[in-house]
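Coordinate inspection notes
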Amino acid sequence: MTAALVFAAPPSLGAGSSAPAFQDADSNTRSTGVSIPARILDEELREIVANPIRIDESKVIGWDQPGGIPEPMPLMSTLAVVVGPSTDREMTPVWRYVRERAGDHMTMVAPYIRFTDGQIVPGNLTADGDTPLWRNAWLHPLPFDLERIREVRLVEGAVVPVATEADEVVLVNGDRLRGLVESVGTHLVLERENDPDGDPLRIPLDRVASFALVNPEDPARGTIAWFLGGHRIGCEGIAVTGNNYVRLESPTVGGESIEIPYEFLRGVVFDAKRITPLAALPITVEPGLASPIRSWIPEPVIEPGNWAWNAAPIRLMGPLRANWRLPVAGCRIATTLELPLDSDQGRLEVVVLDGDREVRRIAIDARDPVHRIVVPLETDRFGLEIEMGEDGPFHDVVTLREAIVVRPVD
């Protein structure tokens, strides 16, 4: 392995990091002295604000305030946990600083590895002799198992290709090569697509910026935890203890257990098979009732950055009608609708649709800009129509925050 492959801890996440830390074990309070509560999502999709929280093998315990009355909830009745505010209006300078320090406010640029089941581990490639290893400040060195890898970025800021019909390699000079990645060691060995009978190409790793493999995606399952800095780690169980550490039992990337400071926790899903972020599903838009006045429809905007549950905010610029085809019929939708701060003069109505059937109508304006909704559906089609208010199509914008699709229990 070349001398260029050396370990470096992820920015702001390794030993000696100056990122904010908790002051004590009882308040989940950062070094700024500001408490950042969590929200527990139960089976009925109710949000329970808790500060602090504890998780063990059988229950989640939340306090309504530091030193307040604990509210235990059976783990089997808990869908998810998220840390931090749910809307822009609740965003504090402290939380904004935390996200910016971790790089979670923008698309990830750091080196990372993404596995076929969606796990993401930022870090750096290094070696044990000729054996490549992926190193991260929190995990044991990970073997470079090509059968489990979907994509890898080795150089900060490098474009990561999308592999569809063949593996694809991006070199540091921007050139792209396609074929079959046979191995990764001191060199990346590639059987070239345009010369399958020729000798494989041996590319020194310091010339490789990124690569993607055509390994099929595996469905996420079990418990998944999201951490600041883009980490997405699966495990068999999770515990949040009184010493302000998160312990992941039997992480699927390897090892018996790992402990990560609670201050980096962003969210948890306890059964990944049941929750799908709406932002991960294709959106189709059409004019709806605005067809007489609108000749074109603005595309929905998925906000960049790293988000708990992968539930990136979705910005819809109305008037329009947006539709999603869901994985199965009978799901429930949970999201918070927010009139964006830069659209605080807008007045509109949001019509919630189950297929073509209207199930709810919500008026949103600057006096009442935030609405959390939970909608049970009968069909496999979810729709939102943004209708303009009395002042016309002026700032009629809605952001869907933490929008998730919850499958029915098998």
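Structure report, in brief. Quick caveat, the model's predicted, so the values are computed rather than measured.

Reading the values: rules and limits
- Residues numbered from 1 in each chain as written.
- Predicted model: local features only at pLDDT ≥ 70, side-chain atom pairs only at ≥ 80, totals over all residues.
- Heavy atoms only, no water.
- Helix = DSSP H or I, 4+ residues; strand = E, 2+ residues; numbered from the N terminus.
- Rg over C-alpha atoms; globule rule 2.2 N^0.38 Å.
- Buried < 20%, exposed > 50% of the residue type's maximum accessible area, 1.4 Å probe, protein only.
- Contact = heavy atoms within 4.5 Å.
- Areas by Shrake-Rupley, 256 points an atom, 1.4 Å probe, with all protein chains shown as cover.
- Lys, Arg positive; Asp, Glu negative; His and termini not counted.
- Charge placed at Lys NZ, Arg CZ, Asp CG, Glu CD.
- Core = buried A, V, L, I, M, F, W, Y, C linked by side-chain atoms within 4.5 Å.
- Salt bridge = Lys/Arg side-chain N within 4 Å of Asp/Glu carboxyl O.
- Phe/Tyr/Trp six-rings, centres within 6.5 Å; stacked < 30°, edge-to-face > 60°.
- Lys NZ or Arg CZ within 6 Å of the ring centre and 35° of its normal.
- Pairing = 2+ DSSP bridges.
- Axes fitted to C-alpha atoms, helices over the stretch in contact; angles between N-to-C directions.
- Arc of directions from axis to C-beta.

This part covers the overall build of the protein. The helix and strand tally for the protein stands at 1 helix and 34 strands. A compact globule built from 410 residues should have a C-alpha radius of gyration of about 22 Å, and the protein, at 23 Å, falls within 12% of that. Put simply, the protein has 410 residues, and 52% of those count as buried. In the protein, of all internal contacts separated by at least 6 residues, the share reaching a separation of at least 24 is 64%. Of the roughly 18300 Å² of accessible surface on the protein, a fraction of 51% belongs to carbon and sulfur atoms. Counting 39 positive and 61 negative side-chain charges, the protein places the averaged centre of each group 2 Å from the other.

For soluble globular proteins, the rule of thumb is that nonpolar side chains tend to be buried together. In terms of nonpolar packing, the biggest core is built from 56 residues, with Phe144, Leu188 and Leu248 touching the most fellow members. The element that contributes the greatest number of residues to this core is helix 1 (residues 93-102), accounting for 4 residues. Those residues in contact with leucine 188 that lie beyond four places of it in its chain are Val169, Val181, Ser183, Leu201, Arg202, Ile203, Leu205, Val208 and Phe211. One finds Trp324, Ile373, Ile386 and Val398 within the second-largest nonpolar core, a separate group that totals 27 residues.

Throughout the structure, instances matching the rule amount to 29 salt bridges. The salt bridge involving glutamate 168 is made with arginine 178; its shortest N-O contact spans 3.9 Å. Separated by 10 residues along the polypeptide, glutamate 168 in strand 13 (residues 167-171) and arginine 178 in strand 14 (residues 176-184) bring together distant segments of the chain. On the basis of relative accessible area, glutamate 168 is assigned to the buried category, the value being 9%. Arginine 178 gets classed as partly exposed once you look at its relative accessible area, which sits at 30%. For the salt bridge of arginine 381 with aspartate 356, the shortest nitrogen-to-oxygen distance reads 3.8 Å. With arginine 381 in strand 33 (residues 381-388) and aspartate 356 in the loop between strand 30 (348-354) and strand 31 (357-364), this residue pair connects regions lying 25 residues apart in the sequence. Using a relative accessible area of 31% as the deciding quantity, one classes arginine 381 as partly exposed. Among the residues examined, aspartate 356 registers a relative accessible area of 59% and is labelled exposed.

Before going further, it helps to examine the packing of aromatic side chains. For the structure shown, the criterion picks out 4 aromatic pairs. The rings of Trp138, Phe227 and Phe264 are connected pair by pair, giving a single aromatic cluster. Its guanidinium or amino end placed over the ring of tryptophan 307, arginine 99 lies 4.2 Å from that ring's centre, counting from NZ or CZ.

The buried count for strand 18 (residues 223-227) comes to 5 of 5 residues, which makes it a mostly enclosed element. What sits between the antiparallel neighbours strand 18 and strand 19 (residues 231-235) is a turn of 3 residues, in which glycine 229 has the positive phi angle 90 degrees. Direction of pairing for strand 18 relative to strand 23 (residues 265-269): antiparallel, over a ladder of 4 bridges. Counted as the bridge partner of tryptophan 226 is glycine 267 from strand 23.

Bringing the sheet that holds strand 33 into the picture now. Two pairing modes exist for strands in a sheet, parallel and antiparallel, and in both the strands are linked by backbone hydrogen bonds. Here we have 5 strands laid out as an open sheet, ordered 25-28-33-30-31, and antiparallel in their pairing. Each having just a single partner strand, strand 25 (283-286) and strand 31 make up the two edges of the open sheet. When the angles between neighbouring strand axes are averaged without regard to direction, this sheet yields 20 degrees. Pairing geometry for strand 30 and strand 31, over 7 bridges, is antiparallel. Residue pairing for strand 31: leucine 353 is matched across the bridge by glutamate 358.

Of note, the amide linkage connecting asparagine 51 to proline 52 takes the cis form, showing an omega dihedral of 5 degrees. Summarising the element assignment, proline 52 is placed in the loop between strand 2 (47-50) and strand 3 (53-55). Cis peptide bonds are those with omega within 30 degrees of zero, and the linkage from glycine 318 to proline 319 qualifies with 0 degrees. A positive phi angle, close to 65 degrees, is found at asparagine 310, a residue other than glycine. Tracing the backbone through its elements, the reader meets asparagine 310 in the loop between strand 26 (301-302) and strand 27 (314-317). Backbone geometry at glutamate 402 places phi at a positive 50 degrees, although glycine is not the residue there. Residue placement: glutamate 402 occurs in strand 34 (residues 397-406).

It is worth spelling out the sheet that holds strand 11 (residues 142-143) at this point. If you trace the 3 strands from one edge of the open sheet to the other, you get 9-10-11, paired in antiparallel fashion. Each edge of the sheet is formed by a strand with only one pairing partner; in this case those strands are strand 9 (124-128) and strand 11.

Mapping arginine 135 onto the fold places it in strand 10 (residues 131-135). Measuring from C-alpha to C-alpha, the distance between arginine 135 and proline 122 comes to 8.4 Å, with 13 residues separating the pair along the chain.

For serine 343, the position within the fold is in the loop between strand 29 (332-338) and strand 30. Apart from residues no more than four positions distant in its own chain, serine 343 is found in contact with His395, Asp396 and Val397.

What follows covers helix 1. Listed in full, the buried residues belonging to helix 1 are Val94, Trp95, Val98, Arg99 and Ala102. Seen from one end, helix 1 has its buried residues packed into an arc of 130 degrees, which puts them on one side. Where helix 1 is buried, its residues touch strand 6 (78-83) and strand 23. Within two residues after helix 1, glycine 103 carries a phi angle of roughly 80 degrees, on the positive side.

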